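Remarks on the overall topology
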2 protein chains.
Amino acid sequence: MQFEKTNRTKLNRHPDRGSFDKETIYKIIDEVFYCHVSFLQDNKPFVIPTIHARMDDNIILHGAKASRMLKHISAGNEVCIAITIMDGLVLARSVFHHSMNYRSVVLFGSGEEVTDANIKFNTFHAITNHIMPGRWDDARRPNKKEMDATAVVSIKIDEASAKIRTGPPVDNAEDYDLPVWAGVLPIIPMFSEPVHDPDQNEDILLPDYIKKLLK
Amino acid sequence: MQFEKTNRTKLNRHPDRGSFDKETIYKIIDEVFYCHVSFLQDNKPFVIPTIHARMDDNIILHGAKASRMLKHISAGNEVCIAITIMDGLVLARSVFHHSMNYRSVVLFGSGEEVTDANIKFNTFHAITNHIMPGRWDDARRPNKKEMDATAVVSIKIDEASAKIRTGPPVDNAEDYDLPVWAGVLPIIPMFSEPVHDPDQNEDILLPDYIKKLLK
């Protein structure tokens, strides 16, 4: 399945780096747990980072009932969302050809508040699972009061494209003989040693689903 | 020095996590090499990730002459920029109190194109140094043709605030005895083993300023 190429999502520069393939786009959306949401406030641009999850063709965002962003989305206004993974610094022989390896998605859509209690409960499950598979079955699940204090919106992905750069630097032909180290410095976001809550008894051992993330 | 607290930059939720301190804000801006820039396109919100550097009270962005975003900024339009560092997953006993440790900045400003050749050259230096100190003195510097092919804008930071969360989870009093591992899983973006350009002779050794980044 492909998203339609629109004026806003087509790539004017490096169209070879673009993709409208749904599977490619959804894989990037699912790999990171936060995104940047851009919306209008008093007709001016505003952008904030927030946790997300994807459920089918929708982006799920949540937060406090009073959140300006969530109210704005609940009112049916369109947003633009960026999901960005930086994979490496591309070190060319010339400053000009330095670059990044990355996988990024920009998408557009408008949303609505999720009010149905069962669906809302499922969105919490989706968000928790997105960030840490296994956690939902371990932590105490939200009660009615907590559910009511939280607003959830579901944004239908209307337009989307991915932009991907991979591989070594590309220098001008005449620069290949310069004695400048060239290559890629890969970036890998790592979890480091978990820090146990000082208010918790040490008898409670680190669960396997967290250990699994520590390679 | 403090930035003025404005309607757009004040924190409605968790005001205790907010900071308007210039030093705090600039430290976050300088620690990461990319940001998300939000701007209007046909009166709709748009957001894209891009490399940045800070020079005094200005954010420097660069790209191809034809870039829609850079043209929009050069025309004097205001943008909103988010700089986000995710420091850890905060794992509470209850799903509701899960959170992130983070340091983020949201700033507003409008800019102009940098056209003076000397200043423009200095912005390339600043960007290169921001991403990898030492690289500017090693790689081939931009020539006139490359300078001319690149647009640079300088955005004066008019309003800015930081939002910071640190420390362990905070659960409801009655949940502290639940047998659920609680704590923080720190996130550290790491560089992994550099990948040498396959088109470069292996005689060229990895420079010290890159080795230094690999701890």
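Now for a quick tour of the structure. (Residues numbered from 1 in each chain as written. Chains lettered and ligands numbered in written order. Predicted model: local features only at pLDDT ≥ 70, side-chain atom pairs only at ≥ 80, totals over all residues. Heavy atoms only, no water.)

**Observations concerning the side chain of His-130 of chain A**
Residues and elements named next belong to chain A. Here His-130 shows up in helix α3 (residues 117-131). Residue His-130 is classed as buried on the basis of its relative accessible area of 18%. Of note is the side chain of His-130, whose polar atom sits 3.0 Å from the backbone oxygen of Val-32. Not counting chain neighbours up to four residues away, the residues in contact with His-130 comprise Ile-29, Asp-30, Val-32, Phe-33, His-52 and Ala-53. (Helix = DSSP H or I, 4+ residues; strand = E, 2+ residues; numbered from the N terminus. Buried < 20%, exposed > 50% of the residue type's maximum accessible area, 1.4 Å probe, protein only. Polar contact = N/O pair within 3.5 Å; in protein donor to acceptor, adjacent residues only side chain to side chain. Contact = heavy atoms within 4.5 Å.)

**Observations regarding the packing of aromatic side chains**
Per the counting criterion, the structure on display carries ten aromatic pairs over all chains. Taking 6.1 Å as the distance between ring centres and 65 degrees as the angle between the ring planes, the aromatic pair formed by Phe-3 of chain B and Tyr-26 of chain B counts as edge-to-face. Here the residue Phe-3 of chain B occupies a position in the segment before β1 (18-19), and Tyr-26 of chain B occupies one in helix α1 (residues 22-31), the gap between them amounting to 23 residues. One exposure class covers both Phe-3 of chain B and Tyr-26 of chain B, and it is buried. One aromatic cluster in this structure is built from Phe-39 and Phe-46 of chain A together with Phe-108 of chain B. The ring of Phe-108 of chain B has Arg-8 of chain B sitting right over it, with the charged end atom 4.0 Å from the ring centre. When the ring centre of Phe-3 of chain B is taken as reference, the NZ or CZ atom of Lys-22 of chain B above it lies at 5.7 Å. (Phe/Tyr/Trp six-rings, centres within 6.5 Å; stacked < 30°, edge-to-face > 60°. Lys NZ or Arg CZ within 6 Å of the ring centre and 35° of its normal.)

**Points about the state of the cysteines**
All names here are of chain B. Following the criterion strictly, the structure yields zero disulfides over all chains and no others. In this structure Cys-35 is a free cysteine whose sulfur lies 10 Å from that of Cys-80, the closest cysteine sulfur available. Its relative accessible area of 0% is what places Cys-35 among the buried residues. (Disulfide = S-S within 2.5 Å.)

**Digging into the relation of the copies chain A and chain B**
Overlaying chain A with chain B gives an RMSD of 0.0 Å, the required rotation being 180 degrees about an axis along which the chain moves by 0.0 Å. Both chain copies can therefore be described as sitting about a two-fold axis. When each C-alpha of chain A is compared by its distance to the rotation axis, Pro-189 of chain A comes out closest, at 1.9 Å. (Least-squares fit on C-alpha atoms with pLDDT ≥ 70 in both.)

**Considering the pairing of strand β7 (residues 99-113) of chain B**
Residue and element names in this part refer to chain B. Burial analysis of β7 places eleven of its 15 residues in the buried class, the great majority of the element. In this structure, β7 lies alongside strand β9 (residues 159-165), joined through seven bridges in antiparallel fashion. Residue pairing across strands places Val-105 opposite Ala-162, the latter belonging to β9. As judged from the three bridges shared by β7 and strand β8 (residues 150-156), these two strands associate in the antiparallel manner. Considered in β8, the bridge of Glu-112 is made with Ser-154. (Pairing = 2+ DSSP bridges.)

**Re the pattern of salt bridges**
According to the stated counting rule, one finds 33 salt bridges over all chains in the structure shown. The residue Arg-103 of chain B makes a salt bridge to Asp-87 of chain B at a minimum N-O spacing of 2.7 Å. Of this pair, Arg-103 of chain B sits in strand β7 while Asp-87 of chain B sits in strand β6 (residues 78-91), and the two are 16 residues apart along the sequence. Each of Arg-8, Glu-78 and Glu-159 of chain A together with Lys-44 of chain B takes part in a single network of salt bridges with overlapping partners. (Salt bridge = Lys/Arg side-chain N within 4 Å of Asp/Glu carboxyl O.)

**With respect to α3 of chain A**
Residue and element names in this part refer to chain A. Under the 1.5 Å per step criterion, the end-to-end length of α3 is 22 Å for 15 residues, consistent within 8% with the ideal 21 Å. Burial in α3 covers these residues: Lys-120, Thr-123, Phe-124, Ala-126, Ile-127, Thr-128, His-130 and Ile-131. Between the side-chain oxygen at the start of α3 and the backbone nitrogen of Asn-118 there is a gap of 3.0 Å, and the oxygen is on Asp-116. (Expected span 1.5 Å × (residues − 1).)

**Describing unusual backbone geometry**
Glycine aside, residues mostly have negative phi angles, and peptide bonds mostly take the trans form. A positive phi angle is found at Asn-43 of chain A, which is not glycine, with a value near 65 degrees. Its location among the elements puts Asn-43 of chain A in the loop between β2 (34-41) and β3 (44-51). The exposure class of Asn-43 of chain A is partly exposed, given its relative accessible area of 48%. At Asp-42 of chain B, a position not held by glycine, the phi torsion is positive, near 50 degrees. Residue position: Asp-42 of chain B is located in the loop between β2 (34-41) and β3 (44-51). Of the residues examined, Asp-42 of chain B reaches a relative accessible area of 72% and is grouped as exposed.

**Remarks on the interface of chain A and chain B**
On the chain B side, the residues contacting the 88 residues of chain A number 88 residues. Between chain A and chain B, the buried area comes to about 7400 Å², and carbon and sulfur atoms account for 65% of it. The closest approach of N and O atoms between Arg-93 of chain A and Asp-197 of chain B, which form a salt bridge, is 3.1 Å. Applying the counting rule to chain A against chain B returns 32 residue pairs in polar contact (both at pLDDT 80 or more). Of the residues in the side of chain A that touches chain B, the class split is 56 nonpolar, 16 polar and 16 charged. Where strand β10 (residues 183-191) of chain A meets strand β10 (residues 183-191) of chain B, five bridges bridge the pair, whose relative direction is antiparallel. (Buried area = accessible area lost by both parts, 1.4 Å probe. Nonpolar A, V, L, I, M, F, W, Y, C, P; charged D, E, K, R; others polar.)

**Some thoughts on the side chain of Asp-197 of chain A**
Tracing the backbone shows Asp-197 of chain A in the loop between β11 (195-196) and α5 (208-211). A residue is classified by how much of its surface remains accessible, and Asp-197 of chain A, at 2% relative accessible area, is buried. At 2.9 Å, the side chain of Asp-197 of chain A and the backbone nitrogen of Asp-199 of chain A are in polar contact. A polar contact of 3.0 Å, which involves the side chain of Asp-197 of chain A, links it to the side chain of Arg-93 of chain B. For Asp-197 of chain A, the contacting residues outside a window of four places in its chain are Arg-93, Pro-168, Pro-169, Tyr-176, Ala-182 and Gly-183 of chain B.

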